[in-house]
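Next come the chains, spelled out residue by residue.
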Amino acid sequence: MDKILIVGATDPSMGAGIILDSLVALEHGVFPYTAITAVIAQNSIEVLSTWPLTESAIEDQLDAALAEGNISSVKCGALLSTQAVETLAKRLSGLKELPFVLDPVLASSSGKSFVDEKILSAIIDSLFPLATVITPNIKEVEMILKTSIKSEADIEKAAKALLNLGPKWTLIKGGHFHGQETVDRLFGKKNERFFGPRIDGGEEVRGTGCMHATSLASNLIKGADMIEAAEWAKKFVEAKLERATLIGKGRKQTLPDKFWGK
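Positions within a chain are numbered from 1, following the residues in the order the chain's sequence is written. Totals for whole chains, interfaces and linings use every residue, but because this is a predicted model, local features are given only for residues with pLDDT of at least 70 and side-chain atom pairs only at 80 or more, for both listing and counting. Side-chain figures throughout are based on the complete set of non-hydrogen atoms in the structure, without hydrogens or water.

**Q** Before we go on, may I ask you to explain unusual backbone geometry in this structure?
**A** What is expected of a backbone is that most residues other than glycine have negative phi and most peptide bonds are trans. A positive phi angle is found at M14, which is not glycine, with a value near 65 degrees. Along the chain, M14 turns up in the loop between strand 1 (3-9) and helix 1 (17-27). Here N70, not a glycine, exhibits a phi torsion of approximately 60 degrees, which is positive. In this description a helix means any DSSP run of H or I spanning at least four residues, a strand means any run of E spanning at least two, and both kinds are numbered starting from the N terminus. Secondary-structure assignment places N70 in the loop between helix 2 (55-67) and strand 4 (71-76). Relative accessible area serves as the criterion here: at 61%, N70 is assigned to the exposed category. Relative accessibility thresholds used throughout: buried, under 20% of the residue-type maximum; exposed, over 50%; partly exposed, between the two (1.4 Å probe, protein chains only).

**Q** What is the right way to look at the packing of aromatic side chains in this model?
**A** Two descriptors summarise a pair of aromatic rings, namely the distance from one centre to the other and the angle between the planes of the rings. Ring pairs shown here join Phe, Tyr and Trp side chains whose ring centres sit within 6.5 Å, with only the six-membered ring taken for Trp; geometry is labelled stacked below 30 degrees between planes, edge-to-face above 60, and tilted in between. Scanning all chains against the criterion turns up one aromatic pair. Ring geometry for F31 and Y33: centres 5.4 Å apart, planes at 75 degrees, overall edge-to-face. Here F31 falls in the partly exposed class, since its relative accessible area comes to 35%.

**Q** What's the story with the side chain of T182 in this structure? I'm lost.
**A** Assignment of secondary structure puts T182 in strand 8 (residues 181-187). Of the residues examined, T182 reaches a relative accessible area of 10% and is grouped as buried. Nitrogen and oxygen atoms within 3.5 Å of one another constitute a polar contact, given that in protein one can donate a hydrogen and the other can accept it, and given that sequence-neighbouring residues count only through two side-chain atoms. At a separation of 2.8 Å, a polar atom in the side chain of T182 contacts the side chain of K234.

**Q** How do you make sense of empty space enclosed by the protein when you look at a structure like this?
**A** Taking a probe equal in size to a water molecule and rolling it over the atoms shows the remaining empty space. With a 1 Å grid spanning the protein atoms alone, the term cavity applies to any set of points in which a 1.4 Å probe fits but cannot get out, the term pocket to an open set with protein on both sides within 12 Å along at least five of seven lines, and the term lining residue to any residue with an atom within 4 Å of a point. Grid points are joined across faces, edges and corners, and a volume is the space filled by probe spheres set on the points. Going through the model one piece at a time under the given rule, you end up with two cavities of 30 Å³ or more. Roughly 40 Å³ of volume is contained in the largest cavity. Lining the largest cavity, in full, are L20, L23, V24, E27, M211, K240, T254, L255 and P256. Here the lining of the largest cavity takes four residues from helix 1, the largest share from any one element. The residue inventory of the lining of the largest cavity, partitioned by class, reads six nonpolar, one polar and two charged. Following the grouping adopted for this structure description, the nonpolar residues are Ala, Val, Leu, Ile, Met, Phe, Trp, Tyr, Cys and Pro, the charged ones are Asp, Glu, Lys and Arg, and the polar ones are all others, Gly among them.

**Q** Explain a nonpolar patch on the surface to me, please; I cannot follow it from the model alone.
**A** Excluding any residue in a salt bridge, patches collect residues exceeding 30% relative accessible area, merging like charges within 9 Å and nonpolar Val, Leu, Ile, Met, Phe, Trp and Tyr side chains within 5 Å. Per-residue and other accessible areas were derived by the Shrake-Rupley procedure at a 1.4 Å probe size, with only the shown protein chains allowed to occlude residues. Between Lys or Arg on one side and Asp or Glu on the other, a salt bridge is scored when a side-chain nitrogen of the former is within 4 Å of a carboxyl oxygen of the latter. On the surface, a cluster of nonpolar side chains totalling about 350 Å² of accessible area is made up of M1, L26 and F31. Note on placement: F31 falls in strand 2 (residues 31-42).

**Q** Teacher, can you tell me more about the layout of surface pockets here?
**A** Empty space within the second largest pocket amounts to approximately 270 Å³. Partitioned by chemical class, the residues of the lining of the second largest pocket number 11 nonpolar, one polar and six charged.

Right, dumping it as structure tokens:
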């Protein structure tokens, strides 16, 4: 059985975070092990509070999951402390042969910031060099590089800057960029673009970054190369956006296909 280690935070409304990641992995036929880095009290409307876990709590979870063996990939989302970053980096330094997909979750979809400058610097310095691929959206790229993205030339310049920070690949998602289509741009050994329709209201759906990164990591486990994995991940998210629904009182979110009887 293919297995993935998912590292990230919780969401009691299941609109994002480690529970959603686990459902996505299972939809891809991959079994998820998890390590929770923080408890986030949030729902479809807002983030109420955040509770980063201690270094030892994170370390013990990672050890417990890795002790099971046969982990084929690692996907990481929200990290809300420098201790969480350094603990994960220490464990990953001995797993360099595994694909590591890093989704730099810097803020919630409702706008709540999850990291300060110290945490962001730790993520860049300690995890970017270990990452097989990082998957920021345009807003996250702007935060990481402290720049403004207004054009295609800006994106290409930013991609080079991100690659210089250490990851083997950079996948810049285009959902927050202008245009009638959404374009994800992959940079690395090869450069590729992935075009898709701009789904009405898609930018307001919760958890798209979580779904995308977990789908990408799962596709890599299944034997896809990076270009195939990125293309399939984009199509997976697009299909989910088409069926996003209002469950709570705020933003829409997605459901597993099994929920719809498929």
